[in-house]
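Summary of the model geometry
Each chain, letter by letter, is given below.
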Amino acid sequence: MPAGTPTFIALHHPPVVLHHPVIDPMRLLPADPLADLVAAHPQVVAVLTGHFHTAAASTFAGRPLRIAPGVANTLRMPWEGEGPLTTQTQPPGVAFHVYDDAGLLTTHYRVVV
């Protein structure tokens, strides 16, 4: 693939801690080798992941990090109260990523009903 070809890295587990007491132990470790790889390749547009069971947007190695919500159940964040993964407390969702000709990445999060 040519060096200038826009590239996405897609992983199941997020590569960083996202401040959730239940999911933090599940992140990709160690994250530094992946961060070095991403930083060394400017054609990497974004890192896309799942597993976090709640939609999130952050950065990783200077690139957008987009995390899809849970498709079967969604985890509440600490400020939303306590409780298990369930569709009764939070609806499942999906993320649609659009990368346009101008080099803009837009992520649309939708609830699955």
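Residues numbered from 1 in each chain as written. Predicted model: local features only at pLDDT ≥ 70, side-chain atom pairs only at ≥ 80, totals over all residues. Heavy atoms only, no water.

1. A closer look at the sheet that holds strand S1 (residues 7-10)
What the 4 strands build is an open sheet, ordered S1-S2-S4-S3; its pairing is mixed. One side of each edge strand has no neighbouring strand; the edge strands of this open sheet are S1 and strand S3 (56-60). Averaged over all neighbouring strand pairs, the angle between strand axes comes to 25°, with direction disregarded. Across 3 bridges, strand S2 (residues 44-49) lies against strand S4 (residues 63-67) in parallel orientation. Bridging across to S4, Leu48 finds its partner in Arg66. Contacting S1, S2, S3 and S4, helix H1 (residues 32-40) crosses the sheet at an angle of about 75° to S3. (Pairing = 2+ DSSP bridges. Helix = DSSP H or I, 4+ residues; strand = E, 2+ residues; numbered from the N terminus. Axes fitted to C-alpha atoms, helices over the stretch in contact; angles between N-to-C directions. Contact = heavy atoms within 4.5 Å.)

2. A word on the side chain of Thr107
Residue placement: Thr107 occurs in strand S6 (residues 105-111). Note on Thr107: relative accessible area 17%, which makes it buried. Residues in contact with Thr107, not counting those within four places in the same chain, are Arg66, Ala95, Phe96 and His97. (Buried < 20%, exposed > 50% of the residue type's maximum accessible area, 1.4 Å probe, protein only.)

3. Focus: the environment of Pro6
Following the sequence through the fold, Pro6 ends up in the segment before S1. Overall, the relative accessible area of 42% leaves Pro6 in the partly exposed class. C-alpha separation for the pair Pro6 and Tyr99, spaced 93 residues apart in sequence, amounts to 9.2 Å. Residue contacts for Pro6: discarding those within four places in its chain leaves Gln43, Val45 and Tyr99.

4. A short note on the confidence of the model for the chain
Averaged over every residue, the pLDDT of the chain is 81; the share at 70 or more is 75%. Between the elements of the chain, mean pLDDT differs from a low of 89, seen in S3, to a high of 96, seen in S1. (pLDDT = per-residue confidence, 0-100.)

5. Notes on the pairing of S4
In terms of residue burial, S4 counts as a mostly covered element, since 4 of its 5 residues are buried. Judged from the 5 bridges that link them, S3 and S4 form a sheet pairing that is antiparallel. When the sheet's bridge partners are listed, Ser58 is paired in S4 with Leu65. Hairpin connection, S3 to S4: the antiparallel pair is bridged by 2 residues, and Ala61 has positive phi, about 55°.

6. Re the nonpolar core
Listed in full, the 12 residues of the largest apolar core are Ile9, Ala31, Leu34, Ala35, Val38, Val44, Val47, Phe52, Ala56, Phe60, Leu65 and Ile67. In terms of residues, this core owes the most to one element, H1, which gives 3 residues. Those residues in contact with Ala35, other than ones at most four positions away along the chain, are Phe60 and Ala61. (Core = buried A, V, L, I, M, F, W, Y, C linked by side-chain atoms within 4.5 Å.)

7. Here's the deal with the pairing of S2
In terms of burial, S2 is a largely internal element, 6 of the 6 residues being buried. Bridging between S1 and S2 involves 4 bridges; their strand directions are parallel. Paired with Ala10 across the bridge in S2 is Leu48.

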